[in-house]
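# Inside the fold
What follows is the residue order along each chain.
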Amino acid sequence: MSKDGYPHFSQAEMDRRFAAARAIMDEKGVDALLIFGHSGNRRHYQADVHYFAQVALFHESYLLVPRTGEPKLWTTHNNHYPNACELTSIQDVSQVHRNIGAAATMANELKARGIGEGQLGLVGQFFYQDIDGLRRELPNATMIDLSLPIKRLRSRKSAEEIGWQRKAALGCDAVMEALRRELRPGVAERDIQTLAESAARAAGCEFTFLYLNSTQMTASDSCVPNQMWSHRKLQAGDVINTELTVNYGMYCSQILRPFFLGEPTEQYRQIYRTMKDTYETLWATVRPGTTMQQLYDVSLMIRDAGYTTVDGVAHGFGVDIQPPSGVPNGFKPPMHPGDALAEGMTFVIQPNPTTQDKKAGMQLGDMGLVTATGFENMHKYPAEVTIL
């Protein structure tokens, strides 16, 4: 097959990743990592496998990364195996046959390598059948969850990874420009998705998702972008909220923008002022060492203005949502308030003030890069509402 348009990282980048993973194994005293991925949430649950294998399959996949020796990748579904072999950078690729099962297949490999009674680090959200099977097949092995250490490893981006996310950010900008040109009364919500997909691909990227809602400002009944789109046609006097994610080689960027078909009402002007003030204060707060508690404290500007939130206010981003833990919706305290930002992380700021009855609200957000001196917006599209 042609691999044109399917990007791969350099060998030096892949060597860096395996070396970092093996340093974690040394620290934790494990003999191997068993990594699981599946196609849920637009293959974002393949992020851990993809990080080491450079392929994100559309069905379950399993990856063995030993502390010494070569890695091995297993795929499910016979018709997906050839494509996996062509695209992955892993040399040893096999299939999981359903009459044997994943647990027995992996256990047999671990036994053959002499580590069937060792300590294993599990990474990813394994199905319970896999865990039960591994315990049955490897009764003397010890298993510990290393999902978070590997996720933290992935949260610090290399120059190559940042380069891919910059391409994704350009794709986001291209979609926003297309929306600015094409949104008008009479356009159906579902037709906007086709427009967004085309603009992302024309920019050399892949479309991940566009959440969108539209409602009349004077009779507002929706406060946050919807995941499932309607056939509703846009009307003069509408406000349209968008949450867009575009990827290049699975590496994502995210941008959130409101659009108005006409001048905003006073209610929406007030929501805008709170949203914009919070956005700018959050942005000024982000730098290496900033904790989730500090960002949470800033987010209380929204509460103090009389609004609530229905989405998180900030989160790490890459192939998937990543550490730090972020700032949850509804002013719930951060899960890990002391989690701190570090240089090389990509992070999304997205204040979303919403009325208490959840009938009106807006979101304004961008992915940025945490640098040595602060926070760099990776998008060029203006961080403003667009009035059409």
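That block above? That's the structure.
Below, the structure is looked at part by part.

### Concerning the side chain of Thr 76
Considering the arrangement of structural elements, one finds Thr 76 in the loop between strand S3 (72-75) and helix H4 (81-87). Relative accessible area serves as the criterion here: at 7%, Thr 76 is assigned to the buried category. At 3.0 Å, the side chain of Thr 76 forms a polar contact with the backbone oxygen of Glu 60. At a separation of 3.5 Å, a polar atom in the side chain of Thr 76 contacts the side chain of His 77. In this view, Thr 76 contacts His 59, Glu 60, Tyr 62, Val 96 and Arg 98; residues no more than four positions away in its chain are not counted.

### Overview of the packing of aromatic side chains
Between two aromatic rings, the relevant description is the distance of the centres plus the angle of the planes. Applying the stated criterion to the full structure yields 14 aromatic pairs. Judged by centre distance (5.4 Å) and plane angle (75 degrees), the rings of Phe 9 and Tyr 251 are edge-to-face. Of this pair, Phe 9 sits in the segment before helix H1 (11-28) while Tyr 251 sits in strand S9 (residues 251-260); the two residues are 242 residues apart in sequence, bridging distant segments of the chain. A residue is classified by how much of its surface remains accessible, and Tyr 251, at 2% relative accessible area, is buried. When the ring of Phe 18 is compared with that of Phe 52, the centres are 5.3 Å apart and the planes differ by 55 degrees; the resulting orientation is tilted. Residue Phe 18 is found in helix H1, and its partner Phe 52 is found in helix H3 (residues 47-53); the two are separated by 34 residues along the sequence. In this pair, the class of Phe 18 matches that of Phe 52, namely buried. Aromatic rings pair up to connect Phe 9, Trp 164, Tyr 248 and Tyr 251 into one cluster. Its guanidinium or amino end placed over the ring of Tyr 51, Arg 17 lies 4.3 Å from that ring's centre, counting from NZ or CZ.

### Remarks on the side chain of Asn 247
With respect to the helices and strands, the residue Asn 247 is situated in strand S8 (residues 238-248). Polar side-chain contacts of Asn 247 include one of 2.8 Å to the side chain of Thr 208. The contacts of Asn 247, once residues within four sequence positions are left out, are Ala 168, Cys 205, Glu 206, Phe 207, Thr 208 and Cys 252.

### With respect to the sheet that holds strand S4 (residues 93-95)
Read from one edge to the other, the open sheet built from six strands follows the order S4-S3-S2-S1-S5-S6, with strand pairing classed as mixed. At either margin of the open sheet sits one strand with a lone partner, and together these are S4 and strand S6 (142-145). Adjacent strand axes in the sheet meet at a mean angle of 25 degrees, parallel and antiparallel pairs treated alike. This element, H1, spans strand S1 (32-37), strand S2 (61-66), strand S5 (119-123) and S6 of the sheet and lies at about 70 degrees to S2.

### A short note on the state of the cysteines
For the structure on display, the rule yields zero disulfides. Note on Cys 252: no disulfide assigned, nearest cysteine sulfur contributed by Cys 172 at a separation of 8.5 Å.

### Re the pattern of salt bridges
The final tally for this structure, using the stated rule, is 23 salt bridges. A salt bridge links Glu 266 to Arg 273; the shortest N-O distance between them is 3.2 Å. When the shortest N-O distance is used, the salt bridge between Arg 303 and Asp 304 registers 3.4 Å. By relative accessible area, Asp 304 is classed as exposed at 59%. Where salt bridges share partners, they join Glu 13, Arg 16, Arg 17 and Glu 161 into one cluster.

Each value, and the rule that gives it
Residues numbered from 1 in each chain as written. Predicted model: local features only at pLDDT ≥ 70, side-chain atom pairs only at ≥ 80, totals over all residues. Heavy atoms only, no water. Helix = DSSP H or I, 4+ residues; strand = E, 2+ residues; numbered from the N terminus. Buried < 20%, exposed > 50% of the residue type's maximum accessible area, 1.4 Å probe, protein only. Polar contact = N/O pair within 3.5 Å; in protein donor to acceptor, adjacent residues only side chain to side chain. Contact = heavy atoms within 4.5 Å. Phe/Tyr/Trp six-rings, centres within 6.5 Å; stacked < 30°, edge-to-face > 60°. Lys NZ or Arg CZ within 6 Å of the ring centre and 35° of its normal. Pairing = 2+ DSSP bridges. Axes fitted to C-alpha atoms, helices over the stretch in contact; angles between N-to-C directions. Disulfide = S-S within 2.5 Å. Salt bridge = Lys/Arg side-chain N within 4 Å of Asp/Glu carboxyl O.

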